[in-house]
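Given next are the chains, with one letter for each unit.
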Number of protein chains: 6
Amino acid sequence: MPYIKIEVTREGVTREQKQILIKGVTDLVSNTLNKDPHLTHVVIKEIDLDNWGYAGDQVSVLREKSVTADKK
Amino acid sequence: MPYIKIEVTREGVTREQKQILIKGVTDLVSNTLNKDPHLTHVVIKEIDLDNWGYAGDQVSVLREKSVTADKK
Amino acid sequence: MPYIKIEVTREGVTREQKQILIKGVTDLVSNTLNKDPHLTHVVIKEIDLDNWGYAGDQVSVLREKSVTADKK
Amino acid sequence: MPYIKIEVTREGVTREQKQILIKGVTDLVSNTLNKDPHLTHVVIKEIDLDNWGYAGDQVSVLREKSVTADKK
Amino acid sequence: MPYIKIEVTREGVTREQKQILIKGVTDLVSNTLNKDPHLTHVVIKEIDLDNWGYAGDQVSVLREKSVTADKK
Amino acid sequence: MPYIKIEVTREGVTREQKQILIKGVTDLVSNTLNKDPHLTHVVIKEIDLDNWGYAGDQVSVLREKSVTADKK
């Protein structure tokens, strides 16, 4: 009976990316724990940049300073 | 000191339905556990259909295929 | 596709009380929103009294002062 | 590795207030537990008044009755 | 800045399975959204069978009736 | 009506530290948003080191490698 919540900053996540996340995490959990995917729910929450804080700063402020969260 | 979170898909839940949920779950928890309702908070979160996954599929895709979550 | 989380202080909630909460909230959500109960999951989380704060005080301290959360 | 979620009613919280919350809670947790702030994330969630219930009533209804949550 | 929570029933999830879940979901989110994994946190919560309800029943009761959540 | 959840790794957080967190965050939110502290609840969740992942690794593994989360 897994339930998975994915919280990300709201920065243009596309419908296709959401589907990839949902399918990927459902398969991962289902295969790793041998769980019926029909008992697996995934919820994605997109958080406004003003509402996410990292190291004490709003992400919106970090982005204005060109600090990104991109992979190196 | 109960706190209850209710997550549902965003599919036209009315203000009246929300009030029924809030009153019903507050009474249920308060009566079952003998808790002061003034210490009971309920939060309803409505999730976009693109952001809820079931069995690996986006609910928005399931709805396009006429798969509903209605009671039988 | 509802998911409901119930957080309460860990103060001797019995298995029977948990079953009443699970059945009651599933019926409430299912009937109010016309949702298939097979898509409804409920999770109960019991929180240690040292880990719940109310009005700035640990509930464990409030209980030592005989402040309860009982219904009046 | 702290993660902090702050849920409040959506009642005009300003960007500046959010920054104060993010900085304040990051410092508090970081100083109290001696944790690297670069491992500390804060997420603020604003909840519509129809979606928050207190003592069995929607907060939107309480506000219509001039019941506030203001400090005394 | 992703944060992922995975809730599963407490049924003997091993340390190795947890590591597979953590690595897998971090890679999935990081690759799909192009996010720095050093900003990605995963939290696994194991829920007692008495505390998880499905379709109105405690999972502990379902298990006593030999109803499993295994993949078919 | 604020509700605050603080998730930290389970690494010997003392009762006194918890009380400092509860008081501090209640005061912060109450003062910043002008909210009655009697409507403010704080919940602390301690997560086992095997159950928290950072950058794809279990924190328990990071600790074995002497990687800490201490402030520099």
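Residues numbered from 1 in each chain as written. Chains lettered and ligands numbered in written order. Predicted model: local features only at pLDDT ≥ 70, side-chain atom pairs only at ≥ 80, totals over all residues. Heavy atoms only, no water.

Caption draft 1: Broad picture of the UniProt feature "domain: 4-oxalocrotonate tautomerase-like" (unreviewed entry) in chain A. Per the UniProt record, "domain: 4-oxalocrotonate tautomerase-like" (unreviewed entry) is annotated on residues 2-60 of chain A. Helix and strand shares over residues 2-60 of chain A are 36% and 32% respectively, and the end C-alpha atoms of the span are 32 Å apart. (UniProt positions renumbered as here; feature names shortened; annotations may be inferred. Helix = DSSP H or I, 4+ residues; strand = E, 2+ residues; numbered from the N terminus.)

Caption draft 2: View of the sheet that holds strand β1 (residues 3-9) of chain F. Taken together, the 8 strands give an open sheet; going across it, the order is β4(A)-β3(A)-β2(D)-β1(D)-β1(F)-β2(F)-β3(C)-β4(C), and neighbouring strands pair in mixed fashion. Both edges of this open sheet fall to β4 (57-58) of chain A together with β4 (57-58) of chain C, since each of them pairs with a single strand only. Note: strand β1 (residues 3-9) of chain D against strand β2 (residues 41-47) of chain D, 7 bridges, orientation parallel. Counted as the bridge partner of D:K5 is D:V43 from β2(D). Its contacts with the sheet place helix α1 (residues 15-33) of chain D against β3 (52-54) and β4 of chain A, β1 and β2 of chain D together with β1 of chain F, and it is angled at close to 140° to β2(D). Its contacts with the sheet place helix α1 (residues 15-33) of chain F against β3 (52-54) and β4 of chain C, β1 of chain D together with β1 and β2 (41-47) of chain F, and it is angled at close to 140° to β2(F). (Pairing = 2+ DSSP bridges. Contact = heavy atoms within 4.5 Å. Axes fitted to C-alpha atoms, helices over the stretch in contact; angles between N-to-C directions.)

Caption draft 3: Layout of empty space enclosed by the protein. Overall, the coordinates contain 1 cavity of 30 Å³ or more when judged by the stated rule. As a volume, the largest cavity reaches approximately 40 Å³. Forming the boundary of the largest cavity are B:M1, B:P2, B:Y3, B:L39, B:H41, C:W52, D:W52, F:P2, F:Y3 and F:H41. Of the residues that constitute the lining of the largest cavity, the class distribution is 8 nonpolar, 2 polar and no charged. (1 Å grid on protein atoms, 1.4 Å probe; cavity = no way out; pocket = protein on both sides within 12 Å on 5 of 7 lines; lining within 4 Å. Points joined across faces, edges and corners; volume = space filled by probe spheres on them. Nonpolar A, V, L, I, M, F, W, Y, C, P; charged D, E, K, R; others polar.)

Caption draft 4: Spotlight on the relation of the copies chain A and chain B. If you rotate chain A by 120° and push it 0.0 Å along the axis, it lands on chain B with an RMSD of 0.0 Å. Given the turn and translation reported, the copies of this chain are related as if by a three-fold rotation axis. Closest approach to the rotation axis within chain A is made by the C-alpha atom of A:K45, at a distance of 5.9 Å. A low fraction, 12%, of the interface residues of chain A reappear at the interface in chain B, so the copies pair through non-equivalent surfaces. (Least-squares fit on C-alpha atoms with pLDDT ≥ 70 in both.)

Caption draft 5: Local environment of the packing of aromatic side chains. Taken as a whole, this structure holds 3 aromatic pairs over all chains when the rule is applied. The interplanar angle of 5° and the centroid separation of 3.7 Å between the aromatic rings of A:Y3 and C:Y3 together place this pair among those described as stacked. Taken together, the positions of A:Y3 in strand β1 (residues 3-9) and C:Y3 in strand β1 (residues 3-9) put the pair across two chains. The burial state of A:Y3 is the same as that of C:Y3; both residues are buried. (Phe/Tyr/Trp six-rings, centres within 6.5 Å; stacked < 30°, edge-to-face > 60°. Buried < 20%, exposed > 50% of the residue type's maximum accessible area, 1.4 Å probe, protein only.)

Caption draft 6: The arrangement of the environment of E:V29 in detail. Relative to the elements of secondary structure, E:V29 occurs in helix α1 (residues 15-33). The sequence separation of E:V29 and E:V67 amounts to 38 residues, and the corresponding C-alpha distance is 32 Å. Not counting residues up to four positions away in its chain, the partners in contact with E:V29 are A:L21, E:P2, E:I4 and E:N34.

Caption draft 7: Spotlight on the interface of chain A and chain B. Each partner contributes residues to the interface: chain A has 17 residues there, and chain B has 16 residues. When chain A packs against chain B, close to 1400 Å² is buried across both sides, 43% of that on carbon and sulfur atoms. In terms of surface lost to chain B, no three residues of chain A exceed A:R15, A:I22 and A:K45, which account for 34% of the buried area on that side. The interface formed by chain A and chain B includes 3 salt bridges. With a shortest N-O distance of 2.4 Å, A:K45 and B:E7 are connected by a salt bridge. The interface formed by chain A and chain B contains 16 residue pairs in polar contact (both at pLDDT 80 or more). Mapped by element, the contributors of at least two residues to the side of chain A that touches chain B are β1, α1 (15-33) and β2 (41-47) of chain A. When grouped by side-chain class, the residues that make up the side of chain A that touches chain B number 6 nonpolar, 5 polar and 6 charged. Sheet analysis places β2(A) next to strand β3 (residues 52-54) of chain B, joined by 3 bridges and oriented antiparallel. Bridge assignment links A:V42 to a residue of β3(B), and that residue is B:G53. (Buried area = accessible area lost by both parts, 1.4 Å probe. Salt bridge = Lys/Arg side-chain N within 4 Å of Asp/Glu carboxyl O. Polar contact = N/O pair within 3.5 Å; in protein donor to acceptor, adjacent residues only side chain to side chain.)

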